[in-house]
Amino acid sequence: QLSLRAAALYTDPIGDLGRAARCYERAHAADPTNPDAAAGLVPVYQRDHKWSDYARMLEIVVAGSPSDEDLDVRLGRISSLRAVYLNRLRDPEASLGWAMRAYLLAPSDAQVVAGLEESAEAAGAYADLVALFRDRLEHASLDQTERLDLQRRIAAIAGERLGESEESIRQLEAILEVKPD
């Protein structure tokens, strides 16, 4: 706790980020699961382009975040992890895991869905993507617009990426039942 207080002093009133970083590193060494120490190191590792350390610290922050934390803050952190794993660490499977986590929090957020599809494409995990969309389609209470959107996505991925023309046709027929035009 003393290292965290010292880091806060070095960060805000004094403005010595190097010393603050060392204090956060000491606090992290004393308690590797401390989200406050990890949160202090996130901007340091981001600034220094230490992407592996950045992701590790941000994962600790996410794990230590309260369940009632603001959804936009949670999604921002998770989306950042998704992007870092995809674009900096070149780990599309890890990126997909974070993208799925974001999707489960905000399935109708267009940016979240775009990130999910980008990560799934990079990982070649089209079957997983269809399964996730299908699960939402079958188990969630959806308005007609979202239901049709999911059916279109499933039809496109099943037909174009998975070669499952029967599934694609089944989804398209379901769309035509609701919207014959």
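Look up a bit, the structure's there.
First, a word on scope: everything that follows refers to the structure included in this document. (Residues numbered from 1 in each chain as written. Predicted model: local features only at pLDDT ≥ 70, side-chain atom pairs only at ≥ 80, totals over all residues. Heavy atoms only, no water.)

**A word on the overall build of the protein chain**
Note the cut-off: Helix and strand assignments follow DSSP, with helices taken as H or I runs no shorter than four residues and strands as E runs no shorter than two, numbered in order from the N terminus. Here the radius of gyration uses the C-alpha set of atoms, whereas the globule reference equals 2.2 Å times the residue count to the power 0.38. The rule is simple: take the accessible area with a 1.4 Å probe, protein chains only, and divide by the maximum for that residue type; under 20% is buried, over 50% is exposed, in between is partly exposed. Whether two residues are in contact is decided by their heavy atoms: any pair within 4.5 Å suffices. Working definition of accessibility: Shrake-Rupley area with a 1.4 Å probe, residue cover restricted to the visible protein chains.
For the protein chain, the helix and strand inventory stands at ten helices and zero strands. Overall, the protein chain shows an N-to-C arrangement of helices and strands of α-α-α-α-α-α-α-α-α-α. Relative to the globule expectation of 16 Å for 181 residues, the C-alpha radius of gyration of the protein chain, 21 Å, shows a markedly less compact shape. For the protein chain, the spread of C-alpha atoms along the three principal axes comes to 65 × 30 × 25 Å. Counting over 181 residues, the protein chain shows a buried share of 39%. Here the contacts in the protein chain between residues at least 6 apart in sequence split such that 44% fall between residues at least 24 apart. Total accessible area on the protein chain stands at roughly 10300 Å², and carbon and sulfur atoms take up 49% of it.

**Remarks on helix α4 (residues 51-63)**
To keep it simple, the criterion reads: By this rule, a helix spans an expected 1.5 Å times one less than how many residues it contains.
Here α4 contains 13 residues, and its C-alpha end-to-end distance of 18 Å stays within 8% of the 18 Å for a straight helix at 1.5 Å per residue. Buried residues of α4: W51, Y54, A55, M57, L58, I60, V61 and V62, and no others.

**Looking at the side chain of N34**
The criterion, for reference: Residues adjacent in sequence count toward polar contacts only when both atoms are side-chain atoms; beyond that, a polar contact is any pair of N or O atoms within 3.5 Å, and within protein one must be able to donate a hydrogen and the other to accept it.
Assignment of secondary structure puts N34 in the loop between α2 (17-30) and α3 (35-47). A polar side-chain atom of N34 sits 2.7 Å from the main-chain amide nitrogen of D36.

**A few points about the packing of helix α6 (residues 92-105) against helix α7 (residues 110-123)**
Condition: Lines are fitted to the C-alpha atoms to define the axes, a helix being fitted only along its stretch in contact, and any angle between axes, read from their N-to-C directions, falls within 0 to 180 degrees. If an angle is under 35 degrees, it is roughly parallel; if it is over 145, roughly antiparallel; if it lies from 65 to 115, roughly perpendicular; otherwise it is oblique. In this scheme, a crossing is called left-handed if the near helix is turned counterclockwise away from the far one by less than a right angle; it is called right-handed if the turn is clockwise. Each residue is assigned to one of three groups, with Ala, Val, Leu, Ile, Met, Phe, Trp, Tyr, Cys and Pro labelled nonpolar, Asp, Glu, Lys and Arg labelled charged, and all others, Gly among them, labelled polar.
Remark: α6 packs on α7, axes separated minimally by 8 Å, with the N-to-C direction vectors making an angle of 155°. Considering the angle they form, α6 stands roughly antiparallel to α7. As α6 runs across α7, the sense of the crossing is left-handed. Contact residues: α6 offers P92, E93, S95, L96, A99, M100, A102 and Y103, while α7 offers V112, V113, G115, L116, S119, A120, A122 and A123. Residues belonging to the contact of α6 with α7 are distributed by class as follows: twelve nonpolar, three polar and one charged.

**Things to note about the pattern of salt bridges**
Quick note on the threshold: Salt bridge criterion: a side-chain nitrogen from Lys or Arg within 4 Å of a carboxyl oxygen from Asp or Glu.
Tallying each qualifying case throughout the model produces ten salt bridges. Put simply, D48 and R47 hold a salt bridge, and the shortest N to O gap is 3.2 Å. We classify R47 as partly exposed; its relative accessible area is 46%. Between R161 and E121 there is a salt bridge, and its shortest N-O distance comes to 3.8 Å. Highlighted residues: R161 in the loop between α9 (144-160) and α10 (165-178) and E121 in helix α7, separated in sequence by 40 residues. Each of the salt bridges in this network shares a partner with another, and the network as a whole consists of E117, D149 and R153.

**Some points on the nonpolar core**
Heads up, the rule is: Definition of nonpolar core: a set of buried residues of the types Ala, Val, Leu, Ile, Met, Phe, Trp, Tyr and Cys, connected through side-chain atoms within 4.5 Å.
Residues Y54, M57, L81, Y103, L116 and F133 are the most contacted members of the largest nonpolar core, which totals 42 residues. Among the elements that make up this core, the one with the highest residue count is α4 (eight residues). Excluding residues that lie within four positions of it along the chain, F133 makes contacts with Y103, V113, L116, E117, L150, R153, I154 and I157.

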